[in-house]
Amino acid sequence: KVPKNMRFQSIDKIEVAKKVTPQIVQITVIAKTKGKRRQNFFFPFFQNLPKVEEGLGSGIIISPDGYILTNNHVVKNATSVKVGLYDKRTFTAKIVGRDPLTDLAVIKIDAHNLPAAYLGNSDSLKVGQWVMAIGNPLSLRSTVTAGIVSALGRGHLGLINSSYGIEDYIQTDAAINPGNSGGALVDLTGAVIGVNSAIAASNSGTYIGYGFAVPINLAKAVAKELIANGKVNRGYIGVQISSVDDAMAKSLGLPKVEGVIIQGIVKGGSASKEDIKAGDVILKMDGKQVNAPNELQSYIATKTAGTTVHLTLFRDGKIIQ
C-alpha cells in the first residue's frame, strides 16, 4: 500500500532524500572477469576489469527481510557479494537470481526490519518530471542528485548483448556515475520509478549529461519471478516485429503512423495458434497503446508464460480484437 503521507502530496527534495537514502545499499563485489572492459560510449557503471577485482555498485531494499534489487552487471561473475547498509552495518549476500535480458538481479541478506523502498508506477511518468538519483557513485556513499525525465522508451542503445535483450529505458539528466548501478531513480513522492543502469559516458567513463534507468514496473515483474523461481519464466508472443513508418502506414491504409507491424510468425509459438498473421499491425496490448518494438517487448516482459494477453490488430482496413 502507498504510505498515507504519499497519497495526496509531494514531498520536497530534502524529505525525499531523507526518506529514501536509508533504503539504498552499497554493494561490493569480488568478481572474476575475462579481460579488460570494452570502451563504449554507452557502458555499464560496474566496470569489467581484468582477472579478479573488486567492484562497487548500489542496490534497492525491496523487502524488510533483506531482498535487494540491483543490476545483473553488478553481480555477474561474483565470487563474493557484500552489502553495506546506511546504518554502517555490513552483510554477506547471496545471489537469488539474475536476468541478463533486462540487466536486473536480486540478492538477499540475512537481516530483518529493514527500510524497504516503495516501488511506484513507471507507466505514469512524464517527460519533464522531476526525479532524483540515489546511490553510491565513485565510492561516494549515499549520494543524491536531481534532474528531470528527459525521455521515455529509449531503446536500440546496444547495452544488452542479445537479440532478445529488452531495452526500454527512462532517460534522465540527474547526474549518475560508475557505482550508481542498481541504485534508485525516484519521483518527488519518494517512490522508486526506475533502477539506474547505464550512462552515456565520456572517455573516462563518467557522466556527460544523461543516464538510463530500467522502468520499475518491469523491474517489479522480474524481481517477483527471481524471488519465486530464481529465474524468469518469460512469455513470448512468437512474432517478429518492426516499427511502422509513414510510407508503411500509407501503404497499409493506417489513418496515422502507429503500432508495430508483424513481419513474421514464429513456428510453434503462441501467435501461430491464433488468428494472427504477418502484415498485421499491433496497435494495443491489453488496451495499452504500443508504437515501438521495445515498448511491446517491455510490456510482454512483465508477463509470465501462460498469461493471456489481449491484442488490438489492424488488418485490411479493419480493427480486429
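Residues numbered from 1 in each chain as written. Predicted model: local features only at pLDDT ≥ 70, side-chain atom pairs only at ≥ 80, totals over all residues. Heavy atoms only, no water.

(A) Spatial organisation of the overall build of the protein chain. If you tally the helices and strands in the protein chain, you get five helices and 20 strands. Relative to its full complement of 321 residues, the protein chain shows a buried share of 50%. Pairs at least 24 apart in sequence give 64% of the contacts found in the protein chain among residues at least 6 apart. Total accessible area on the protein chain stands at roughly 15,400 Å², and carbon and sulfur atoms take up 50% of it. (Helix = DSSP H or I, 4+ residues; strand = E, 2+ residues; numbered from the N terminus. Buried < 20%, exposed > 50% of the residue type's maximum accessible area, 1.4 Å probe, protein only. Contact = heavy atoms within 4.5 Å. Areas by Shrake-Rupley, 256 points an atom, 1.4 Å probe, with all protein chains shown as cover.)

(B) Spatial organisation of the nonpolar core. Ile60, Leu69, Leu104, Val186, Val192, Val195 and Ile216 are the most contacted members of the largest nonpolar core, which has 31 residues in total. Residue assignment for this core shows that the elements contributing at least two residues are helix H1 (13–20), strand S8 (104–108), strand S9 (130–135), strand S12 (184–186), strand S13 (192–201), strand S14 (207–215) and helix H3 (216–229). At six residues, H3 tops the list of elements feeding residues into this core. When residues no more than four places from it in sequence are discounted, the contact partners of Val192 are Ile60, Ala117, Tyr118, Leu119, Gly120, Ala184, Leu185, Val186 and Ile216. Counting residues in each nonpolar core, the second largest holds 18 residues, with Val25, Val75, Val81 and Phe91 among its members. (Core = buried A, V, L, I, M, F, W, Y, C linked by side-chain atoms within 4.5 Å.)

(C) How the structure looks around the packing of aromatic side chains. Counted according to the given criterion, the structure contains two aromatic pairs. On the basis of an interplanar angle of 85 degrees and a centroid distance of 5.9 Å, the ring pair of Tyr210 and Phe212 is categorised as edge-to-face. Of the residues examined, Tyr210 reaches a relative accessible area of 30% and is grouped as partly exposed. Overall, the relative accessible area of 1% leaves Phe212 in the buried class. An aromatic cluster of at least three residues, connected via ring pairs, comprises Tyr169, Tyr210 and Phe212. The ring of Trp130 has Lys13 lying over it, and the distance from NZ or CZ to the ring centre is 4.4 Å. (Phe/Tyr/Trp six-rings, centres within 6.5 Å; stacked < 30°, edge-to-face > 60°. Lys NZ or Arg CZ within 6 Å of the ring centre and 35° of its normal.)

(D) Quick peek at empty space enclosed by the protein. Under the defined criterion, the tally for this structure stands at three cavities of 30 Å³ or more. When its volume is computed, the second largest cavity comes out at roughly 40 Å³. Every residue along the wall of the second largest cavity is listed here: Thr102, Ile166, Glu167, Asp168, Tyr169, Val214, Pro215 and Leu218. Residue composition of the lining of the second largest cavity, by class: five nonpolar, one polar and two charged. (1 Å grid on protein atoms, 1.4 Å probe; cavity = no way out; pocket = protein on both sides within 12 Å on 5 of 7 lines; lining within 4 Å. Points joined across faces, edges and corners; volume = space filled by probe spheres on them. Nonpolar A, V, L, I, M, F, W, Y, C, P; charged D, E, K, R; others polar.)

(E) The arrangement of the layout of surface pockets in detail. A volume near 510 Å³ is recorded for the second largest pocket. As for the second largest pocket, its lining consists of 22 residues, of which Ile237, Ser270, Glu274, Ile276 and Val309 are closest to the centre. Each residue belonging to the lining of the second largest pocket can be placed in one class, and the counts come to 10 nonpolar, eight polar and four charged.

(F) Focus on the pattern of salt bridges. For the structure on display, the rule yields six salt bridges. Between Asp246 and Lys250 there is a salt bridge whose closest N-O contact spans 3.3 Å. Taken together, the residues Asp246 and Lys250, both in helix H4 (residues 246–252) and four residues apart, mark about one turn of the helix. Among the residues examined, Asp246 registers a relative accessible area of 43% and is labelled partly exposed. Several salt bridges converge on common partners, so that one network encompasses Asp275, Asp280 and Arg315. (Salt bridge = Lys/Arg side-chain N within 4 Å of Asp/Glu carboxyl O.)

(G) Looking closely at the pairing of strand S7 (residues 94–99). As paired strands, S7 and S8 are joined by five bridges and run antiparallel to one another. Residue pairing in the sheet places Ile95 in a bridge with Ile107 of S8. As consecutive antiparallel partners, S7 and S8 are separated by four residues, and within that stretch Asp103 has a phi angle of approximately 60 degrees, a positive value. (Pairing = 2+ DSSP bridges.)

(H) Highlighting the side chain of Ser58. Mapped onto the fold, Ser58 is located in strand S3 (residues 52–61). On the basis of relative accessible area, Ser58 is assigned to the buried category, the value being 0%. Beyond its immediate stretch of four places on either side in the chain, Ser58 contacts Ile24, Val25, Ile27, Thr70, Gly135, Asn136, Gly179, Asn180, Ser181, Gly182 and Gly183.

(I) Layout of unusual backbone geometry. Although it is not a glycine, Asn77 adopts a positive phi angle of roughly 65 degrees. Its identity as a non-glycine residue notwithstanding, Asp286 has a phi of 50 degrees, on the positive side. If you trace the backbone, Asp286 turns up in the loop between strand S17 (281–285) and strand S18 (288–289).

(J) Main features of the confidence of the model for the protein chain. Of all residues in the protein chain, 87% attain a pLDDT of 70 or more, and the chain-wide mean is 87. Considering only residues more than four positions removed or in separate chains, one finds that residues 38–43, a stretch of pLDDT under 50, has 15 contacts. (pLDDT = per-residue confidence, 0-100.)

(K) Here's a closer look at the environment of Ser272. With respect to the secondary-structure elements, Ser272 resides in the loop between strand S16 (260–265) and S17. Accessibility expressed as a relative area gives 36% for Ser272, which makes it partly exposed. Between the alpha carbons of Ser272 and Gly238 there is a distance of 7.4 Å; along the sequence they are 34 residues apart. Sequence-distant contacts of Ser272, that is, excluding residues within four places in its chain, are made with Ile265, Val266 and Lys267. At 3.5 Å, the side chain of Ser272 forms a polar contact with the backbone nitrogen of Gly268. Polar contacts involving the side chain of Ser272 include one to the main-chain carbonyl oxygen of Gly269, which spans 2.5 Å. (Polar contact = N/O pair within 3.5 Å; in protein donor to acceptor, adjacent residues only side chain to side chain.)

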